[in-house]
Number of protein chains: 2
Amino acid sequence: MEKILSADLKLGIIAGGQLGKMLIQEASKWDIITYVLDDAENCPCAGLANVFVKGSRFDFDAVYNFGKKVDILTFEIESINVEALFKLKEEGLKIVPDPSILQLFQNKEKQKEFYVKNNLPTSPFTSYKDKDEVLQAVEKKSLRLPFVQKLKTGGYDGRGVSVINTEADLKDLLEGECIVEEKVDIHKEIAVIVARNESGEVKTFPAVDMVFDPKANLVKHLVCPVLDITEAQHKLAEEIARKLITDLNMCGLLAIEFFIDAKGNILVNESAPRTHNSGHHTIEGIVTSQFEQQLRAVLNLPLGSTQIKMPAVMVNLLGEPGFEGKVKYEGFAEALAIEGVNIHLYGKKTMKPFRKMGHITIIDKELDNAVKKSEIVKNTLKVKA
Amino acid sequence: MEKILSADLKLGIIAGGQLGKMLIQEASKWDIITYVLDDAENCPCAGLANVFVKGSRFDFDAVYNFGKKVDILTFEIESINVEALFKLKEEGLKIVPDPSILQLFQNKEKQKEFYVKNNLPTSPFTSYKDKDEVLQAVEKKSLRLPFVQKLKTGGYDGRGVSVINTEADLKDLLEGECIVEEKVDIHKEIAVIVARNESGEVKTFPAVDMVFDPKANLVKHLVCPVLDITEAQHKLAEEIARKLITDLNMCGLLAIEFFIDAKGNILVNESAPRTHNSGHHTIEGIVTSQFEQQLRAVLNLPLGSTQIKMPAVMVNLLGEPGFEGKVKYEGFAEALAIEGVNIHLYGKKTMKPFRKMGHITIIDKELDNAVKKSEIVKNTLKVKA
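## Concerning the overall build of chain A
Part 1 of the argument: Per the secondary structure count, chain A includes 12 helices and 22 strands.
Part 2 of the argument: Its C-alpha atoms give chain A a radius of gyration of 21 Å, near enough to 21 Å, the size a compact globule of 385 residues would have.
Part 3 of the argument: The contacts in chain A between residues at least 6 apart in sequence include a share of 62% that link residues at least 24 apart.
Part 4 of the argument: When the accessible surface of chain A is totalled, it reaches about 14,800 Å², and 48% of it is carbon and sulfur.
Part 5 of the argument: Averaged over its 50 positive side-chain charges, chain A has a centre that lies 2 Å from the centre of its 55 negative ones.

The structure is reproduced here in structure tokens:
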């Protein structure tokens, strides 16, 4: 705090993707000196950070040496060498969220166990040591189709997840230690981001509607404010979010994805202790963006207002199937001609199919108009090679 | 345009102050490669630009060589070596706004002559070759008090302007070629920013109320939407803005400050062919910020919506009188605790009295609340040394 008041604060960010980039855009408003660790010299953050350090976030020495350069450390992805973080913490470095939180979230089994232990609603699950054990359980009929297999570690952006609807799908089972969840009869998916600082202040962002692209298994677009849920459901989702971040005793941001099943039950699907794709609309649509909120939470500053400025629809800009190579945007000017369109390009120099290359937030006083415009934008702005 | 579509566009910005910094924050959203020329290595832009080039904007070679590195050139201040710009233009570089516009705006006499020639309302003025000639005119009673003396060149942020109310004030007359304007009986000052692109599209931002600090002769705070003017006055100000940018046949952003006199007449006071202090609230309060609008205008992209998202009050954060040296912020957390407060620190490492060190935008659904909060914020967040 002393250091932010004298413009000397060195904030370390592991790693250098789009979430880090948008965090730097906010941090630059408070004249925070940003350090980024990433192994790719052309990552989204590289050109924008005050100091870019090349190195792998999985490498003990790289993470440890990086931590030694900064006053406070945060991250934009949870798969990091935690041993190095624990050692840095032991030596007095402030790391937010705490390395123990990161460790918990690196493992989907531990995440689920935490939900269950703390009476947070989630779909039932069983752990398996590998694919063969799953197949045996299916054969013995102790495991019934349909189900969802999730690798305990290493999953990201839909990777590490396999949905098994029919026996034919069993060939898609993933190799490795995993959990298997009962497949929820999903009526709807929503997400809530919650922030908490060291003083114990907790603030939720309004829930958003998540619409998935089944092919890419990525969010296709999201809508804020959320549609077609009851006030009671909205409140319950917020309460679960508050309870989860408080039970975790964590500081920082926590993004929680929920299923609402056919009966109207709300179940925690997954969560991540960081800024999230489901919060990008906050940059233009909410009084405080999720990135500023992360800074506030990490630096133990008062949390910002999460009031809606204007209804928003967020569309991920994914690499077009059938293309790969040096990025080429199509329809950029045409998309900007649509009133209320805000384009964020992440600065990834090469594209491949379904890679997240940017996002577009459409704001409009009328949410219906924003949804209509988002359909036009999706067919206008394309990332090819 | 080709280059922005392949993420290869190199945008040059002369110079590296806060306007440049906020432009880079926007440009980074479109993955534009930013180059900045400034002679101060610790200027606000230095840490954020992709490429920082040290050099004086007044120096022919520095400006020329800088221009040779980029695909398109814009600026955040009008006092630049225009000879270098003309040569770059001759050699094919795209410069927006055009060097001839810059040249016009470097000279307050030429600015006034342009208003008069194009039938734009402005206070009557006379040119003088120096202070002595002004004094002689006063003596001969061909010039009557009160009046405002403005140096033809070099004025900035209230410097280069002297208000002569009484004979005792005559000692404050400035040395140099100047114009003298009749002192307007000011009821109110408002500002309008207008954008125009190469395709001829023109868009105005809603007018703002400017409230000046008489001691510092700087904007103390501004309010959007503007209060206490008639719909007809608002329309007229917008029409004058549209006419001025069109008559100038310029591309880019033009910020126009108006006086409204006691009789309700609207007079052009001054204008600047760039982003402006009177447009900082657009970052949070308007659908398109003035910085994104500058990019759109400079790159001949469709201009963005200037619809109000939420009422806003903007307060300049000036160096506290009585302090000078390494910057020290006071009341940062306390200010952030006020709902709707957005703090921008420009990253100037040393402060002096009345230096612009940052700004704060307060947004609130009720403008009255935002005004009240701005009074609290002014007394909370301080820049000392």
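## Here we look at the environment of Lys89 of chain B
All names here are of chain B.
Part 1 of the argument: Here Lys89 is to be found in helix α4 (residues 82–90).
Part 2 of the argument: Lys89 gets classed as partly exposed once you look at its relative accessible area, which sits at 38%.
Part 3 of the argument: On a C-alpha basis, the gap between Lys89 and Lys68 in space is 11 Å, while along the polypeptide they are 21 residues apart.
Part 4 of the argument: Apart from the residues within four sequence positions on either side, Lys89 is in contact with Ile95, Asp98 and Pro99.
Part 5 of the argument: Side chain to side chain, Lys89 and Asp98 meet in a polar contact 2.7 Å long.

## Things to note about the relation of the copies chain A and chain B
Two chain copies, one operation linking them: a rotation about an axis together with a shift along it.
Part 1 of the argument: Note on the copies: chain A fits chain B at an RMSD of 0.0 Å, the axial shift is 0.0 Å, and the rotation between them is 180°. As the rotation angle and translation indicate, the two copies are arranged about a two-fold axis. For chain A, the residue whose C-alpha comes nearest the rotation axis is Leu48 of chain A, separated from it by 2.7 Å.
Part 2 of the argument: An overlap of 100% is found between the interface residues of chain A and their copies at the interface of chain B, pointing to a shared contact surface.

## A closer look at the interface of chain A and chain B
By a frequent convention, interface size equals the accessible area lost on bringing the separate parts together.
Part 1 of the argument: With 47 residues of chain A at the interface, the matching set in chain B holds 47 residues.
Part 2 of the argument: Taking both sides of the interface into account, the surface hidden between chain A and chain B amounts to around 4,300 Å²; carbon and sulfur atoms contribute 52%.
Part 3 of the argument: Per-residue buried area on chain A facing chain B is highest for Leu5, Lys29 and Lys309 of chain A; these three make up 14% of the total on that side.
Part 4 of the argument: At the junction of chain A and chain B, the tally comes to 4 salt bridges.
Part 5 of the argument: Put simply, Lys326 of chain A and Asp8 of chain B hold a salt bridge, and the shortest N to O gap is 3.0 Å.
Part 6 of the argument: In this assembly, chain A and chain B are joined by 26 residue pairs in polar contact (both at pLDDT 80 or more).
Part 7 of the argument: Only α1 (2–5), α2 (18–27), α10 (290–298), β18 (328–330), α11 (332–336) and β19 (341–345) of chain A provide two or more residues apiece to the side of chain A that touches chain B.

## Some details on the packing of aromatic side chains
Residue and element names in this part refer to chain A.
Part 1 of the argument: A complete count under the given rule lists 4 aromatic pairs over all chains for this structure.
Part 2 of the argument: Here Phe60 and Tyr64 contribute two aromatic rings whose centre-to-centre distance is 6.0 Å and whose plane-to-plane angle is 10°, an arrangement assigned as stacked. One end of the pair is Phe60 and the other is Tyr64, both in helix α3 (residues 60–67) and 4 residues apart, which spans about a single turn.

## Quick notes on the packing of α3 of chain A against helix α4 (residues 82–90) of chain A
Residues and elements named next belong to chain A.
Part 1 of the argument: Contact geometry of α3 with α4 gives a least axis separation of 8 Å together with a crossing angle of 30°. Between α3 and α4, the crossing angle belongs to the class labelled roughly parallel. In the packing of α3 onto α4, the handedness of the crossing is right-handed. In this structure, α3 uses Phe60, Val63, Tyr64 and Gly67 to contact α4, whose residues at the interface are Glu83, Ala84, Leu85, Lys87 and Leu88.
Part 2 of the argument: Among the residues forming the contact of α3 with α4, the class breakdown is 6 nonpolar, 1 polar and 2 charged.

## Some thoughts on the environment of Gln18 of chain A
Part 1 of the argument: Among the secondary structure elements, Gln18 of chain A is positioned in helix α2.
Part 2 of the argument: In contact with Gln18 of chain A, other than residues within four places in its own chain, are Pro44, Glu76, Tyr346, Lys348 and Lys356 of chain A.

## Regarding unusual backbone geometry
Part 1 of the argument: Here the bond from Val96 of chain B into Pro97 of chain B is cis, since omega is -10°, no more than 30 degrees from zero.
Part 2 of the argument: Mapped onto the elements of the fold, Pro97 of chain B is located in the loop between β5 (94–95) and α5 (99–105).
Part 3 of the argument: Cys224 of chain B connects to Pro225 of chain B through a cis peptide bond whose omega is 5°.
Part 4 of the argument: Examined against the element boundaries, Pro225 of chain B turns out to sit in the loop between β13 (218–224) and α8 (231–247).
Part 5 of the argument: Phi is positive for Asn119 of chain A, close to 60°, though the residue is something other than glycine.
Part 6 of the argument: You can see Asn119 of chain A is positioned in the loop between α6 (108–117) and β6 (125–128).
Part 7 of the argument: Non-glycine residue Asn300 of chain B carries a positive phi angle of around 50°.
Part 8 of the argument: On the secondary structure map, Asn300 of chain B appears in the loop between α10 (290–298) and β16 (312–318).
Part 9 of the argument: Its relative accessible area of 26% is what places Asn300 of chain B among the partly exposed residues.

## Quick notes on the packing of helix α2 (residues 18–27) of chain B against α10 of chain B
Residues and elements named next belong to chain B.
Part 1 of the argument: Between α2 and α10, whose axes approach to 8 Å, the crossing angle comes to 75°. The pairing of α2 with α10 is recorded here as roughly perpendicular in orientation. Facing Leu19, Met22, Leu23, Glu26 and Ala27 of α2, the residues of α10 in contact are Phe291, Glu292, Gln294 and Leu295.
Part 2 of the argument: Grouping the amino acids of the contact of α2 with α10 by side-chain chemistry returns 6 nonpolar, 1 polar and 2 charged.

## Overview of the sheet that holds strand β3 (residues 51–54) of chain B
All names here are of chain B.
Part 1 of the argument: Strand order in the open sheet formed by 5 strands is β3-β2-β1-β4-β5, and the pairing between neighbours is parallel. Each of the sheet's edge strands pairs with one partner strand only, and the pair in question is β3 and β5.
Part 2 of the argument: By the bridge criterion, 4 bridges tie strand β1 (residues 10–14) to strand β4 (residues 72–75) in an arrangement that is parallel. Paired with Ile13 across the bridge in β4 is Thr74.
Part 3 of the argument: Across the sheet, α10 is in contact with β1 and β4; its angle to β4 comes to roughly 140°.

## As for the pattern of salt bridges
Part 1 of the argument: Tallied over the entire structure, the rule returns 49 salt bridges over all chains.
Part 2 of the argument: Between Glu41 of chain A and Lys54 of chain A there is a salt bridge, with the nearest N and O atoms lying 4.0 Å from each other. With Glu41 of chain A in the loop between β2 (33–38) and β3 (51–54) and Lys54 of chain A in strand β3, this residue pair connects regions lying 13 residues apart in the sequence.
Part 3 of the argument: Given a relative accessible area of 56%, Glu41 of chain A falls into the exposed group.
Part 4 of the argument: In this structure, Lys129 of chain B engages Glu133 of chain B in a salt bridge whose closest nitrogen and oxygen atoms are separated by 3.8 Å.
Part 5 of the argument: Here Glu133 of chain B falls in the partly exposed class, since its relative accessible area comes to 27%.

## Digging into the sheet that holds strand β5 (residues 94–95) of chain A
All names here are of chain A.
Part 1 of the argument: Taking strand neighbours across the sheet as the criterion, the 5 strands line up as β3-β2-β1-β4-β5 in an open arrangement whose pairing is parallel. Looking along the sheet, the strands with just one partner apiece sit at the ends: β3 and β5.
Part 2 of the argument: Its contacts with the sheet place α3 against β1 (10–14), β2, β3 and β4 (72–75), and it is angled at close to 175° to β2.

## A few points about the side chain of Glu257 of chain A
All names here are of chain A.
Part 1 of the argument: Mapped onto the elements, Glu257 comes out in strand β14 (residues 252–261).
Part 2 of the argument: Comment: no salt bridge for buried Glu257; closest opposite-charge side chain is Arg274, at 6.9 Å.
Part 3 of the argument: For Glu257, the side chain forms a polar contact with the side chain of His276, separated by 3.3 Å.
Part 4 of the argument: Beyond its immediate stretch of four places on either side in the chain, Glu257 contacts Ile190, Ala191, Met210, Phe212, Leu267, Val268, Asn269, Glu270 and His276.

## Here's the deal with α10 of chain B
All names here are of chain B.
Part 1 of the argument: For α10, a buried count of 9 out of 9 residues is recorded, marking the element as mostly surrounded by other parts of the structure.
Part 2 of the argument: Within the sequence span of α10, burial applies to Gln290, Phe291, Glu292, Gln293, Gln294, Leu295, Arg296, Ala297 and Val298.
Part 3 of the argument: Following α10 by one or two positions, Asn300 adopts a phi angle in the positive range, close to 50°.

## Quick notes on the state of the cysteines
Part 1 of the argument: Going through the model one piece at a time under the given rule, you end up with 0 disulfides over all chains.
Part 2 of the argument: Cysteine Cys43 of chain A shares no disulfide, and the gap to the nearest cysteine sulfur, in Cys45 of chain A, comes to 5.4 Å.

What counts, and at which threshold
Residues numbered from 1 in each chain as written. Chains lettered and ligands numbered in written order. Predicted model: local features only at pLDDT ≥ 70, side-chain atom pairs only at ≥ 80, totals over all residues. Heavy atoms only, no water. Helix = DSSP H or I, 4+ residues; strand = E, 2+ residues; numbered from the N terminus. Rg over C-alpha atoms; globule rule 2.2 N^0.38 Å. Contact = heavy atoms within 4.5 Å. Areas by Shrake-Rupley, 256 points an atom, 1.4 Å probe, with all protein chains shown as cover. Lys, Arg positive; Asp, Glu negative; His and termini not counted. Charge placed at Lys NZ, Arg CZ, Asp CG, Glu CD. Buried < 20%, exposed > 50% of the residue type's maximum accessible area, 1.4 Å probe, protein only. Polar contact = N/O pair within 3.5 Å; in protein donor to acceptor, adjacent residues only side chain to side chain. Least-squares fit on C-alpha atoms with pLDDT ≥ 70 in both. Buried area = accessible area lost by both parts, 1.4 Å probe. Salt bridge = Lys/Arg side-chain N within 4 Å of Asp/Glu carboxyl O. Phe/Tyr/Trp six-rings, centres within 6.5 Å; stacked < 30°, edge-to-face > 60°. Axes fitted to C-alpha atoms, helices over the stretch in contact; angles between N-to-C directions. Parallel < 35°, antiparallel > 145°, perpendicular 65-115°, else oblique. Left-handed = near helix turned anticlockwise from the far one by under 90°. Nonpolar A, V, L, I, M, F, W, Y, C, P; charged D, E, K, R; others polar. Pairing = 2+ DSSP bridges. Disulfide = S-S within 2.5 Å.

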